[in-house]
Amino acid sequence: MRETRIRSIILSFIIFGFLFGLGLLSFKLFVNSATYALSPINRHLLGNGLSRAGDILDRNNVVLAHSEDEKRLYNQDVNIRKALLHTVGDNESHIQTSIQSLYRNELYGYNFIFGIDPPEFLKNSNNIKLTIDSNICKIALNALGNNRGAVCVCNYKTGEIICMVSTPTYDPYKPPVITNDKDPNYEGVYLNRVLSCSFTPGSVFKVVTAACALENEQDAEDRIYTCKKIMDVDNKKITCMAAHGEKDLKNALMRSCNIYFASLAIDLGKDKMNSFTNSLLFNKRLQIDKISTKESNYNVTNSNNYELGWSGVGQYTDLLNPMHSIVILNAIANSGESIDPYLIKEISESDGTIKYHIDNNINSHTLLTKSTADKLKSMMRYNVQKNYGDSLFPGLNAFAKTGTGETSENKKPNAWIFGGSTNENTPYSFCVVVEDSGFGINVAGPIASTVMKALCKVK
Amino acid sequence: MTDLVPIILFSLKVLTIILAILIVYFSFKSTKNFSRNRRTLILLEDINTKEELPILYWENTVGRNKHCDIKINDPAISREHAVIFRRKEGWFITDTNSKYGVFLNGEKINGKTKIFINDIITLGETSLVLKTADQSKEISSNKEKLFKNVKPLRPGKILFFITLLNLLFIGETFIIKPNSVINVAFPIIIFLATCWIFFFISKYLFSRATFEIENLAILLISIGLNVIVNYKVELIFSQLISIALGMICFLFIIWFIKNPDNVKKFRLLIAIIAVIFFVINLLFAKEINGSRNWISFGGLSLQPSEFIKIAFIFVGASTLEDLQTTKNLTGFILFSAICIGALFLMKDFGTACVFFVGFLVIAFMRSGSIRTLIFSCATAILGSFLVLTFKPYIKDRFAVWGHAFEYPNAAGYQQARVLSYCASGGLFGVGLGNGYLQYIFASMSDLMFGVICEELGFIMAMLVALTITGFAFFARGQSIKSRSTFYSISSCAAAAMLIFQAALHIFGSTDILPLTGVTLPFVSLGGSSMISSFGLLAFIKASDERTYAIRRN
Ligand SMILES: [Zn+2]
């Protein structure tokens, strides 16, 4: 019998294996419980599920979403609902970067102890206050009209995102039934174009090429190239809008001369362009609160001079994410120091106790030297004065650059404008992209103008 | 008033959990009740040296080997010379192929021979006289109390608390879905009545003094049944019939293996019947959800592999006397290979794994050979490798293993939902019938652990898992006190199969192991599974020496 007893140790191994598994399972559930419970597959959350989530407010305490009588209710203004769809989210978690998708945990006050459906007296939902101004968003949505595009405005002194609008959009009360993926009215409707898309930048990228020159070359400002409208590189043609003649950096940027910046990029070379763009956070996802953005692309490692030339004017494989462009602008506007943009101002419990406040969580990155940043700012300011005229942004002392990103033969180009105000009391940077539309100054310019005028009049 | 409802509901949930924990705790505690202290049953005294050799167990090996229960240092004695064992009729000795034989009062014995007090047993050059324990000069502690007395709750009282637990469950249903409470309460009351009848039959008809293991099984069934009844009442009646059949099966097996020597007469017959069952299964099976492990006649569907689990243990386990005389495992290995092979042909890989674990435990406990273990595992790995090479589509089943949550709408559909709903339940659950996992395909059989986790909470789900673990601990604890190695081996094998099946169920559905789709013993919906769980539990119950030894007074 004693031997049998000793041999029964094999059962003990099985028992301990089982107990180990239970431990592992407990650990797995405990660590990932929020991910599991708040996954979109969880039917406790769908439809009426959001009925227990807390409020979402804008910077002026306008209620963007709240729950009442077992229902999730959004702002009563249909245009505010549409303008903030991509920021706030809908009932079905279609928009992955939205607050209602990423901050479910906080909105519910979910914890593993009481689960998804705690008794009424233990409910602990939180309210989230955003940095967004819903009224400005509404104006931006109207300005975008029927275009597919994105508008983003940020305070470069504080990092607050004031306006973030993406079109096409829809009313969260009437989610579309999309039968055809190619339906142009709903192309990429679930993507927030400010965060989750990158576009061919065209001429706005010249600012980056200029920055690379300023950071690397002593004589960058005085360097002169001659534009004869067409330049042969590797037996292929780089073309310009006009024959601009001899230009220095400042005037080439003002005239948006392709030949100048293509030549500049070729002279700077692949290595400097690659390493500078990487240091400017290209090819990297940015973190905006819990949101991870789509990365911007710049890579000329395997390109020839012709391609390197086009890459310097924002064509080739270049892609720019609107939120990333805001980060770059913040550095230009703020002497090289870019305050990380953010959306969440504070998270508070239903009794008003503040659980999280941004004031303790502001970060920044030094992306440019002060001299480069200031020189870029003044060149872009010069561009507004000489090229667009201050009437576009009256009283803002604006600096800006437009762009027209060519995408493919059968589509119209992406229209871009980005810039900011140099005034102390209106420290805003802005970025507007309109897909498949036309020239930057004709399409994106008026939208940016409308939004900035409205914003600065409010102030 | 309406504000009170959530408070009452929550308190009810907490109360059920506490009650369930107490039931499990007291049941396991009272398994210690009436258990025999390690004490000498009888004595052997060396005639020359007057050295006393106490006999401690129901079955004892005698020999020169240091692992023998009664070790005698005499070069003329074989390493494993004889077995002295006790049966209902008294004490016996049998020669286990020793070199020079065993002599009883001067005569060489042949086969199993009864021995009496004052008989002289001669092995090699040593002669021993059999004495009762109180004739000992050395052991004075024999005056100590015969049994430990831990003052536990009596079995009937525990069953009463289980009844109360079921009433709390019904109360929970009453708050959540007041309209369906009659539909729900009716089958539960029938179930409770069945349990009490089972208790009284066991107590008065079979005069069993203990009922702890049964109580724990009833607790597990209660938890499963209340979940099922709140999902679809119409599923419950076949489940109730299976429970009753399971209880009958349980009582029958315990009665049938009362005398372990008789079981071996049936061993070959049982093995043949099991193989025939498999053949019938393979010929007439219909394919359900990708496995061909069901046969049906009339309106009745059966899973023969579940019943063969019981046959498997019958064929595998044996008494110490047999272990010492027939050392080779060829017959059993062959039988196991047929069983596991047939399960592979049925594509029932989960059950094949359960059989394999049962095989490992039996093979090791019979032979003690680590080589056999390694050889079996190597064969199994090679076999699985061959299967995966020739039937690559089986690989798809394992494709998302460990990443199920990343494919929530493809191959990880079930596992992702189990994880999501387990996390939704929290520690106390969302309440009976309030879950969503129940609407997923095969939820009541293959995903039962998740359903319990969601509706009754993580604590209750863990309690279920720990109760099954408790069965295994109990089986291991009994392995030395059992009345025969037949019981030790069969109960350890049964416990290993139960716990391994629970492991496949729990870890398969939560993506820690690949999903194989097996039931959770006693808890899941499924008649064949319920009956076989009771069958396996009968072996664990039989290994408890109190089952046959102590009569109700
Ligand atoms: Zn030019």
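Coordinates for the structure precede this section.
Quick caveat: nothing in here was measured; it's all calculated off a predicted structure.

K.L.:
Requested: an account of the overall build of chain B, with residues and values cited.
P.N.:
On a plain count of helices and strands, chain B comes out with 19 helices and 14 strands. Taking 24 Å as the expected radius of gyration for a compact globule of 553 residues, we find that chain B reaches 26 Å, a close match to that expectation. The dimensions of chain B, computed from C-alpha atoms along their principal axes, are 85 × 60 × 40 Å. Burial status across chain B gives 60% buried among its 553 residues. A sequence separation of at least 24 residues applies to 67% of the contacts in chain B between residues at least 6 apart. Here chain B has roughly 22,500 Å² of accessible surface; of this, 65% comes from carbon and sulfur atoms. Within chain B, the 35 negative side-chain charges are centred at a point lying 2 Å from the centre of the 52 positive side-chain charges.

K.L.:
Run through the coordination of the zinc ion, naming residues and quoting values.
P.N.:
All names here are of chain A. Looking at the metal site, the zinc ion is ligated by Cys227 (SG), Cys240 (SG), His244 (ND1) and Cys257 (SG), spaced 1.9 to 2.4 Å from it. For the zinc ion, the 4 donor atoms are set out with angles of 102 to 119 degrees between them, so the coordination reads as tetrahedral. Each donor residue of the zinc ion belongs to the same chain, and together they define the spacing C-x12-C-x3-H-x12-C. Highlighted residues: Cys227 in strand β7 (residues 225-227) and Cys257 in the loop between α10 (249-255) and α11 (258-279), separated in sequence by 30 residues. On the basis of relative accessible area, Cys227 is assigned to the buried category, the value being 3%.

K.L.:
Go over helix α13 (residues 413-425) of chain B with me, naming the residues and quoting the values.
P.N.:
Helical periodicity: at 3.6 residues per turn, an α-helix aligns residues three or four positions apart in one direction. All names here are of chain B. Over its 13 residues, α13 runs 19 Å from end to end, which matches the ideal 18 Å to within 8%, given 1.5 Å per residue. All of the buried residues in α13 are Gln414, Gln415, Ala416, Arg417, Val418, Leu419, Ser420, Tyr421, Cys422, Ala423, Ser424 and Gly425. Of the residues flanking the end of α13, it is Gly426, one or two places downstream, whose phi is positive at about 65 degrees.

K.L.:
Give a detailed account of the interface of chain B and chain A, specifying residues and quantitative values.
P.N.:
Between chain B and chain A, the residue contacts involve 70 residues of the former and 43 residues of the latter. Here chain B and chain A share an interface that buries about 4,800 Å² over both sides, 72% of which is from carbon and sulfur atoms. Counting across the interface, chain B meets chain A through 20 residue pairs in polar contact (both at pLDDT 80 or more). Counting residues per element, the ones that place at least two in the side of chain B that touches chain A are α1 (4-30), α10 (349-367), α13, α15 (448-455), α16 (458-478) and α17 (485-509) of chain B. In terms of residues, the side of chain B that touches chain A owes the most to one element, α17(B), which gives 11 residues. Partitioned by chemical class, the residues of the side of chain B that touches chain A number 43 nonpolar, 18 polar and 9 charged.

K.L.:
Describe in detail the sheet that holds strand β11 (residues 126-132) of chain B, supporting the description with residues and values.
P.N.:
All names here are of chain B. Overall, antiparallel pairing links the 6 strands, which are arranged β2-β1-β11-β10-β7-β8 in an open sheet. Among the strands making up the open sheet, the edge pair consists of β2 (52-55) and β8 (107-108). Bridge count between strand β1 (residues 42-46) and β11: 5 bridges; the pairing is antiparallel. Among the inter-strand pairings, Asp46 is bridged to a residue of β11, identified as Leu128.

K.L.:
Go over unusual backbone geometry with me, naming the residues and quoting the values.
P.N.:
Put simply, A:Thr167 and A:Pro168 share a cis peptide bond, and its omega is 0 degrees. Note on placement: A:Pro168 falls in the loop between β6 (161-167) and α8 (193-196). In this structure, A:Ser256 is a non-glycine residue whose phi angle is positive, near 55 degrees. By secondary structure assignment, the location of A:Ser256 is in the loop between α10 and α11. With a relative accessible area of 15%, A:Ser256 lands in the buried category. One non-glycine residue with positive phi stands out, namely B:Asn105, at about 50 degrees. Residue position: B:Asn105 is located in the loop between β7 (102-104) and β8.

K.L.:
Summarise the packing of aromatic side chains; cite the residues concerned and give the values.
P.N.:
A full pass over the atoms with the stated rule returns 46 aromatic pairs over all chains. Aromatic side chains B:Phe10 and B:Phe428 sit 5.3 Å apart centroid to centroid with 75 degrees between the ring planes, which places their arrangement in the edge-to-face category. Placement of the pair is B:Phe10 in helix α1 and B:Phe428 in the loop between α13 and α14 (443-446), with a sequence separation of 418 residues. A relative accessible area of 15% places B:Phe428 in the buried class. Taken together, B:Trp196, B:Phe198, B:Phe199, B:Phe200, B:Tyr204, B:Phe211, B:Phe250, B:Phe471, B:Phe522 and B:Phe534 form an aromatic cluster joined through their ring pairs. For A:Lys250, the ring lying beneath its charged end belongs to A:Tyr382, and the centroid distance is 4.3 Å.

Parameters and conventions
- Residues numbered from 1 in each chain as written.
- Chains lettered and ligands numbered in written order.
- Predicted model: local features only at pLDDT ≥ 70, side-chain atom pairs only at ≥ 80, totals over all residues.
- Heavy atoms only, no water.
- Helix = DSSP H or I, 4+ residues; strand = E, 2+ residues; numbered from the N terminus.
- Rg over C-alpha atoms; globule rule 2.2 N^0.38 Å.
- Buried < 20%, exposed > 50% of the residue type's maximum accessible area, 1.4 Å probe, protein only.
- Contact = heavy atoms within 4.5 Å.
- Areas by Shrake-Rupley, 256 points an atom, 1.4 Å probe, with all protein chains shown as cover.
- Lys, Arg positive; Asp, Glu negative; His and termini not counted.
- Charge placed at Lys NZ, Arg CZ, Asp CG, Glu CD.
- Donors = N, O, S within 2.8 Å, 3.2 Å for Na, K, Ca; no water.
- Tetrahedral: all angles 85-135°; square planar, octahedral: opposite > 155°, others 65-115°.
- Expected span 1.5 Å × (residues − 1).
- Buried area = accessible area lost by both parts, 1.4 Å probe.
- Polar contact = N/O pair within 3.5 Å; in protein donor to acceptor, adjacent residues only side chain to side chain.
- Nonpolar A, V, L, I, M, F, W, Y, C, P; charged D, E, K, R; others polar.
- Pairing = 2+ DSSP bridges.
- Phe/Tyr/Trp six-rings, centres within 6.5 Å; stacked < 30°, edge-to-face > 60°.
- Lys NZ or Arg CZ within 6 Å of the ring centre and 35° of its normal.

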